[in-house]
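Residue-level listing of the chains:
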Amino acid sequence: MTMRFPGESAEYRAARDRLLTQEIELRRAMEAVASARRALPPGGVVPEDYVFQGRGPDGAPRDVRLSELFAPRRDSLVTYGFMFPRDPGDDRPGPQTGSTAQLSLDEGPCPSCVAFLDQLDGAAEHVARRLDLVIVAKAPLPRLLAFAEERGWRRLRLVSSAGNTFNRDYAGENAEGAQRPMLNVFHREQGGQGGGPPQEVIRHFWASELFYAPTDPGQDPRHVGTLEPVWNLFDMTPEGRPRDWDEQLSYG
């Protein structure tokens, strides 16, 4: 395959063809990693049926168990740990309007998480054809739902983990209680013992542990990097990823 674009030089085309070879190798590597992920042996059984708070069909808060986050005939559940409250060292401005603006800065939402969830809100309707996606935050449910409405999220399912240890157990909270943006995948399966009736078992399948792995100079963890359009779009440009910029809740 040989591509040509108007006005390009032979030097550009030769360099672009070399880059294309690297891009092909990257695609193969991504496929190999995805295949290795799918081939993981069974993960640990979830130790308890965690009770979250979510919005019921009538709009009122209600308790919802982890097992209830799985829809019928869907056996994969993806949870993302929304850092609400944000990291204690995050001094980016908070919301300018709405009830969330009345919170102290350290109680408010993480701008980077919000930018990621802005993007997931658009994808959620499509994702729901194949799996369950749930956003988990430590903030009380009324605070969480109020911010979602202020932000204009329409498709994301949000639950509060204020009353359980889910975040801590699944690396979404450190020893000091600070929240961490972990993405976890759980899988539901049927198991049985001694010829008895099948029993539902929920196992942990995968987590974005790359968040905690050492990084090379100038890199951030990129633990959910393949899911983030904003940063991947920057990678397509001559300027690349900005070193002196980060997501904000608004750009006045």
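Above this note sits the structure.
Predicted model only: the values in this text are computed from it and were never measured.

Student: Talk me through unusual backbone geometry; I want residue IDs and the actual numbers.
Tutor: For the bond from Phe84 to Pro85, the omega torsion is 15 degrees, close enough to zero to count as cis. Unlike most non-glycine residues, Arg73 shows phi in positive territory, near 70 degrees. Tracing the chain through its elements places Arg73 in the loop between strand S2 (61–65) and strand S3 (76–82). A relative accessible area of 81% means that Arg73 is categorised as exposed. Although it is not a glycine, Ala171 adopts a positive phi angle of roughly 65 degrees. Residue placement: Ala171 occurs in the loop between helix H4 (166–169) and strand S6 (183–191).

Student: Account for the sheet that holds S2, with residues named and values stated.
Tutor: Whether parallel or antiparallel, the strands of a sheet pair through hydrogen bonds between backbone atoms. Spatially, seven strands are ordered S2-S1-S5-S4-S3-S6-S7 in an open sheet, and the strand pairing comes out mixed. The outermost strands of the open sheet, each flanked by one partner alone, are S2 and strand S7 (199–207). Geometrically, the sheet is characterised by an average inter-axis angle of 35 degrees between neighbouring strands, direction not taken into account. Here five bridges tie strand S1 (residues 51–55) to S2, and the two strands are oriented antiparallel to one another. Following the sheet pairing, Val51 is matched in S2 by Arg65. Docked against the sheet, helix H3 (residues 141–151) engages S1, S2, S3, strand S4 (132–137) and strand S5 (157–160), running at close to 155 degrees with respect to S5.

Student: Kindly report on the packing of aromatic side chains, identifying the contributing residues and their values.
Tutor: Given two aromatic rings, one states the distance between the centres and the angle between the planes to describe the pair. A full pass over the atoms with the stated rule returns 17 aromatic pairs. Ring geometry for Phe166 against Tyr170: centres 5.5 Å apart, planes inclined by 35 degrees, an arrangement best described as tilted. Tyr170 carries the same exposure label as Phe166, and that label is buried. Centre to centre, the rings of Phe166 and Phe186 are 5.9 Å apart; their planes meet at 45 degrees, and the pair counts as tilted. Taken together, the positions of Phe166 in helix H4 and Phe186 in strand S6 put the pair 20 residues apart, joining distant regions of the chain. According to the relative accessible area criterion, Phe186 is buried, its value standing at 0%. An aromatic cluster of three or more residues is present, and its members are Tyr50, Phe52, Phe166, Tyr170 and Phe186. Between Arg37 and the ring centre of Trp206, over which it is positioned, the NZ or CZ distance is 4.9 Å.

Criteria and thresholds
Throughout, a residue's number is its position along its own chain's written sequence, starting from 1. In keeping with the predicted nature of the model, local features appear solely for residues at pLDDT of at least 70, side-chain atom pairs appear and are counted solely at 80 or more, and the whole-chain, interface and lining totals rest on all residues. Note that the side-chain values use all heavy atoms of the structure and ignore hydrogens as well as water. Put simply, DSSP H or I for four residues or longer makes a helix, DSSP E for two residues or longer makes a strand, and each gets a number counted from the N terminus. Any residue under 20% of the maximum accessible area for its type is buried, any over 50% is exposed, and the rest in between are partly exposed; the area is computed with a 1.4 Å probe on protein chains only. In this scheme, strands are said to pair when DSSP sees at least two bridges between them. Axis definition: a line fit to C-alpha positions, over the contact stretch in the case of helices; interaxial angles, taken between N-to-C directions, run 0 to 180 degrees. By definition in these notes, contact holds between two residues if any of their heavy atoms fall within 4.5 Å. Within 6.5 Å between ring centres, the rings of Phe, Tyr and Trp (the latter by its six-membered ring) count as paired, and their orientation is classed by plane angle as stacked under 30 degrees, edge-to-face over 60, tilted in between. Over a ring means this: the NZ of a Lys or the CZ of an Arg is within 6 Å of the ring centre and within 35 degrees of the ring normal.

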